[in-house]
Amino acid sequence: AIGSLLEQPPLPKQAVRPAAIAAKSYRPIIVIAPGHGGKDSGAKKNGIVEKEVVLAFAKVLRDRLEATGRYKVLMTRDTDKFISLDGRRAYAERMGAELFIAVHADYAKSNASGATVYSLRQKVAKRLMRKAKHKASSNFSDGRFKANSKSDKRAVKAILGDLFDREIKRTNIRTDVVSRSLVKFMGGATNLRKNPHKEAAFRVLKTAHFPSVLVELAYVTNKSDARQLKSAAWRGKVSDAMVEAVDRYFNTQVARLPL
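Residues numbered from 1 in each chain as written. Predicted model: local features only at pLDDT ≥ 70, side-chain atom pairs only at ≥ 80, totals over all residues. Heavy atoms only, no water.

So, about the overall build of the protein chain. In terms of helices and strands, the protein chain carries nine helices and eight strands. Expressed as a percentage of the 259 residues in the protein chain, the buried residues total 44%. Summarising the internal contacts of the protein chain: among those between residues at least 6 apart in sequence, 82% fall at separations of at least 24. Of the roughly 14600 Å² of accessible surface on the protein chain, a fraction of 53% belongs to carbon and sulfur atoms. (Helix = DSSP H or I, 4+ residues; strand = E, 2+ residues; numbered from the N terminus. Buried < 20%, exposed > 50% of the residue type's maximum accessible area, 1.4 Å probe, protein only. Contact = heavy atoms within 4.5 Å. Areas by Shrake-Rupley, 256 points an atom, 1.4 Å probe, with all protein chains shown as cover.)

Written as structure tokens, this is what we have:
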């Protein structure tokens, strides 16, 4: 009887919908932007050249993120070449990034030390919001929609303006969540500045399309920080903490809202 059961043909597998397959294979795109490069060496002190240490760190972070199998990770540069600030941001926008991480090392005249996570200053984000609304009002037609009256045009402009407004607000919320997540997990792997989550108007962060952060890993001007920047073990530990922070962010409900 057992032999006859073993000889039975296998039951057909239930068909899997293409959407379900796509959902399983979907990987968010993360763009890492190592600062400086080429002609721009960045900060120099205590045997550290910023463009070199941030590239070395970015490669480790990329490898650790890719090793999870959950993300597609791109870099604005993986060699010693210079990419403009606008070019880095434009590359991320062109590639459909869902998270942008700029990597730098800090410099100070004092003995400051520790990592800092920067997000875009709120008043700059609001200015982006106003510009986006104006753009929506000016260029509401994409060639597929034709308004038959002035009232139609006003209605479409209002709708698109509202959509831009919502998109930018969602991006701001996402940026805040990922920033706080980075601070939390990096704090367990390296020393942080006092009040480590800061806002700034860094040009590379000026986008409304995806959450973007700039991480200052440590101070090249601080001897203890400089030793860390040279350490492969430290890079691995901090990268692992950042991967955990990214995982936590993408597991939040806000990250799942459509961009």
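This is not the end of the story, as more comes after the structure.
The tendency in soluble globular proteins is for nonpolar side chains to be buried side by side. Judged by nonpolar contacts, the single largest core of 43 residues is most densely connected at Ile30, Ile32, Leu65, Ile101, Val215, Leu229 and Met242. Residue contributions to this core peak at nine residues, all from helix H8 (residues 232-250). What methionine 242 contacts, discounting residues up to four positions off in sequence, is Phe57, Leu61, Ile101, Leu182, Met186 and Val215. (Core = buried A, V, L, I, M, F, W, Y, C linked by side-chain atoms within 4.5 Å.)

Time to look at the side chain of arginine 77. Assignment of secondary structure puts arginine 77 in the loop between strand S4 (72-75) and helix H4 (85-94). One buried charged side chain, arginine 77, makes no salt bridge at all; its nearest oppositely charged neighbour is aspartate 80, positioned 4.4 Å away. A polar contact is formed between the side chain of arginine 77 and the backbone oxygen of glycine 35, at a distance of 2.9 Å. The residues contacting arginine 77, other than those within four sequence positions of it, are Pro34, Gly35, His36, Gly37, Lys51, Val54, Leu55 and Ile83. (Lys, Arg positive; Asp, Glu negative; His and termini not counted. Salt bridge = Lys/Arg side-chain N within 4 Å of Asp/Glu carboxyl O. Polar contact = N/O pair within 3.5 Å; in protein donor to acceptor, adjacent residues only side chain to side chain.)

We now examine the packing of aromatic side chains. Scanning the model with the defined rule gives five aromatic pairs in all. One aromatic cluster is present, formed by Tyr71, Tyr249 and Phe250 through successive ring pairs. (Phe/Tyr/Trp six-rings, centres within 6.5 Å; stacked < 30°, edge-to-face > 60°.)

Let us now look at the sheet that holds strand S6 (residues 115-120). Ordered by their spatial adjacency, six strands build an open sheet running S4-S1-S5-S8-S6-S7, and the pairing between neighbours is mixed. Single-partner strands in this sheet number two, and they are S4 and strand S7 (192-200). For this sheet the average axis-to-axis angle between neighbouring strands, irrespective of direction, equals 20 degrees. Bridge count for strand S1 (residues 29-34) against strand S5 (residues 99-106) is five bridges, and the pairing is parallel. Following the sheet pairing, isoleucine 30 is matched in S5 by leucine 99. Of the strands in this sheet, S5 and strand S8 (212-219) touch helix H7 (residues 223-230), which is tilted by about 115 degrees from S8. (Pairing = 2+ DSSP bridges. Axes fitted to C-alpha atoms, helices over the stretch in contact; angles between N-to-C directions.)

Let us now look at unusual backbone geometry. Backbone geometry places asparagine 46, a non-glycine residue, at a positive phi of 55 degrees. Locating asparagine 46 in the fold gives a position in the loop between strand S2 (44-45) and strand S3 (48-49). Positive phi, close to 50 degrees, is recorded for asparagine 195, a residue that is not glycine.

So, on to the pattern of salt bridges. Going through the model one piece at a time under the given rule, you end up with seven salt bridges. Linking arginine 64 and aspartate 240 is a salt bridge whose minimum nitrogen-to-oxygen distance equals 2.8 Å. On the criterion of sequence distance, the pair formed by arginine 64 in helix H3 (residues 50-67) and aspartate 240 in helix H8 is long-range, its members being 176 residues apart. The class for aspartate 240 is partly exposed, based on a relative accessible area of 40%. In the salt-bridge network here, residues are joined through shared partners; they are Asp86, Arg89 and Arg203.

Two elements in contact, H3 and H8, have axes separated by 9 Å at closest approach and are oriented at 50 degrees. Classed by the angle they form, the pair H3 and H8 counts as oblique. Of the two elements, H3 crosses H8, and the hand of that crossing is right-handed. Packed against H3, whose contacting residues are Val53, Ala56, Phe57, Val60, Leu61, Arg64 and Leu65, the element H8 presents Trp234, Arg235, Gly236, Val238, Ser239, Asp240, Met242, Val243 and Val246 at the interface. Per-class residue counts for the contact of H3 with H8 are eleven nonpolar, two polar and three charged. (Parallel < 35°, antiparallel > 145°, perpendicular 65-115°, else oblique. Left-handed = near helix turned anticlockwise from the far one by under 90°. Nonpolar A, V, L, I, M, F, W, Y, C, P; charged D, E, K, R; others polar.)

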